[in-house]
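Observations on the three-dimensional arrangement
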Amino acid sequence: MLYSVFMLALRSILRNLMRSFLTILGIVIGVSAVITMVTLGNGATQSIKAQISGLGTNLLMVRPGQRMGPGGGGGGGGVPQFKEGDAEAILSQIGGVAAVAPEGRSSLTVVANGRNWATSVIGSSNAWFDAGNWKLASGRLFAADEQLAGAAVCLIGETVRREIFDGTIGQTGLGEQLRVRKFSCTVIGILAAKGQSGMGDQDDTVVVPLRTLQRRVTGSVKVATLLVSMQDGSDGTRLKASLKQLLRERRNLAADDDDNFNIFDTQQLAETLSSTTQVLTTLLGAVAAVSLLVGGIGIMNIMLVSVTERTREIGLRLAIGALEREVLLQFLIEAVVLSALGGVVGIVIATAASWGLSSLMDVPYAFDPFINLLSLAFSAGIGVLFGYFPARRAARLDPIEALRHE
Amino acid sequence: MSDLLIQLRGVTKLYGSGQAELLALKGIDLDIRAGEFVAIMGPSGSGKSTAMNILGCLDTPSAGQYLFKGAHVEVLSRDQRARLRRRFLGFVFQGFNLLARTSAQENVELPLLYRGDSAGVRRAAAAKALQAVGLGGWEHHTPAELSGGQQQRVAIARAIVTAPAVVLADEPTGNLDTQRSHEIMGLLMALNQEQGITVLMVTHEPDMAAYARRMVHFVDGRIASDVPNLYPTNSAPDAALPAEIL
């Protein structure tokens, strides 16, 4: 019985192909919008997580300043900067710290090989490479005396190498002279590529010893950022607390003074950012779900029209012996098949759209079977919900009246 | 031939209430035996359609008794009457009431679908019924591709496909020209004579009523006359081979 009623429903859908398509359009749009939003949102979350873990895991970034958002710029005005001594003190006095790198940063144009390139010049120590999970593609790190003396040596990131040296025969970049503002440095190492991060292209960088940057570029002994990498398995919360205590002491803060520095935890940053995108994903999904609901109302509308239009047909079916519940079931199944069909088409469109958009937006394509199944079930549910009322109206028709209907 | 199929006893039908009250049937007694061919006639408003609806178990009397094969119909629920209709009754309407964009075959199969017959049984029965109304070979045509007479033949095939005890025809020739009307009447007569199907037909055309062997006249909600037709029209012009097919 169910099978034959199902076939009846399918037949009447196929008989009105154009209208069936228009009926399910709302559901199609709703389902594809929900799935696309959620898939793209998940992709964005994934990519943010990947980018932040690319910055280095178990990494604390300490910056001077009263209040600063994640990823903000340099220190606030009037707040004391760090000194190189702070880095040494942290490393020697706090347990669980693997490396501490003082970091200075300056945006400059570098020139070599007849080309120039605007990049970010970083002054730091060898600890910087550990803290940031950097690997050498070729060459070497700084020698101890180079760091002490502030020698004119540098390591370059993949992007800088590509922009300055790519396509020039016999020049790998290694050992070449790179002109940074008024001084020239020898390229002693090339860093392995890391790719994009939340902070931009990480490979677009030139690293010189901290002293070199201080003496030849900024002309100050101040340090903008301290990168503190924790040993694996160390207690981040406790480490952060003792780091905070130590810095407060070194910066002579009274008990009731606010901190004049901020400690960013990349792990925490990752969680904050990804929870933000998740909230956004949920919101966008919810907005899209409203269109799914509107699509359901569209189905109810068309089903009501269809019941009115097919009044004589319903009368005939009742006259030749269809039971009330068989007519109800026929129209209900028709609505459910329609809306489920809309769900399937929506899923197909959403898969294509989110695949295309994710490559366009440069986020990974994060297929989520749960949201696909949920949307399909939801659209079928909408069919039941909005199909019931028109179906009941059809089933309760008086066959005599219905047959007389024009 | 003389089993009592239908018995109406003091059947009344009241529509509306208060000022708008209308007594459409004022106590009808009617016996119909299996195998009869009855024409129900009368002016509009005489209650013949109301009586037909009650006889077809589409409506229930306000008072009185309706026995179908000795069973009380007036006490049955809506679904029980539907089951009775699908088992014992076939309907032919003035407006054919075929499903549009649906082949003749599928239209005829429709009542079998509600009986839960398998696809094979349905197909065979529908083909046989279409053959019986002279539409063998027209199975895959949709109503739009058939003439009015052919459409009514499909409707008759649909009515007889379940091998019903009674076929109720409500003005079956009302939408057809004279020649087609005579063909349809010839077909109904043949079904009545050859397959023993009881035919109840409402008509206001004396020419068509003349095919029946009994004529019941309704006037003002009562049966004014109930007489046998001693000389029913017998010469159905090409009933088996309708002109429009040739």
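Residues numbered from 1 in each chain as written. Chains lettered and ligands numbered in written order. Predicted model: local features only at pLDDT ≥ 70, side-chain atom pairs only at ≥ 80, totals over all residues. Heavy atoms only, no water.

**Notes on the pairing of strand S7 (residues 166-170) of chain B**
Residues and elements named next belong to chain B. In terms of burial, S7 is largely enclosed, as 4 of its 5 residues are buried. With 4 bridges joining them, strand S6 (residues 89-92) and S7 adopt parallel strand pairing. Each residue of the ladder has a partner; that of Phe91, found in S7, is Leu168. Of the strand pairs in this sheet, S7 and strand S8 (residues 198-202) are connected by 5 bridges, and their pairing is parallel. Among the inter-strand pairings, Val166 is bridged to a residue of S8, identified as Thr198. The parallel pair S7 and S8 is bridged by helix H6 (residues 178-195), and the resulting crossover is right-handed. (Buried < 20%, exposed > 50% of the residue type's maximum accessible area, 1.4 Å probe, protein only. Helix = DSSP H or I, 4+ residues; strand = E, 2+ residues; numbered from the N terminus. Pairing = 2+ DSSP bridges. Right-handed = clockwise from strand over helix to strand, strands pointing away.)

**Some words on the interface of chain A and chain B**
Across the contact, 26 residues belong to chain A and 23 residues belong to chain B. Regarding the contact of chain A and chain B, the summed buried area is about 2,400 Å², with carbon and sulfur atoms giving 54% of it. Together, Arg15(A), Leu316(A) and Ile320(A) form the three largest contributors to the area buried by chain A at its contact with chain B, with a combined 26%. Here chain A and chain B share 2 salt bridges between them. At the surface where chain A touches chain B, the tally comes to 10 residue pairs in polar contact (both at pLDDT 80 or more). Listed by contribution, the elements that provide at least two residues to the side of chain A that touches chain B are helix H1 (2-15), helix H10 (311-319), helix H11 (324-360) and helix H13 (399-404) of chain A. (Contact = heavy atoms within 4.5 Å. Buried area = accessible area lost by both parts, 1.4 Å probe. Salt bridge = Lys/Arg side-chain N within 4 Å of Asp/Glu carboxyl O. Polar contact = N/O pair within 3.5 Å; in protein donor to acceptor, adjacent residues only side chain to side chain.)

**Overview of the nonpolar core**
Residues Ile6(B), Leu55(B), Tyr66(B), Phe68(B), Leu89(B), Val166(B) and Leu200(B) are the most contacted members of the largest nonpolar core, which totals 77 residues. The element that contributes the greatest number of residues to this core is H11(A), accounting for 10 residues. In contact with Tyr66(B), other than residues within four places in its own chain, are Ile6(B), Gln7(B), Leu8(B), Ile54(B), Leu55(B), Cys57(B), Ala71(B), His72(B), Val73(B) and Glu74(B). Counting 39 residues, the second-largest nonpolar core is a separate cluster that includes Leu98(B), Ala104(B), Leu135(B) and Ala155(B). (Core = buried A, V, L, I, M, F, W, Y, C linked by side-chain atoms within 4.5 Å.)

**Remarks on the confidence of the model for chain A**
Within chain A, residue pLDDT values average 84, and 94% of them lie at 70 or more. For residues 68-76 of chain A, every residue scores under 50 in pLDDT, and the model assigns this stretch 16 contacts once sequence neighbours within four places are set aside. (pLDDT = per-residue confidence, 0-100.)

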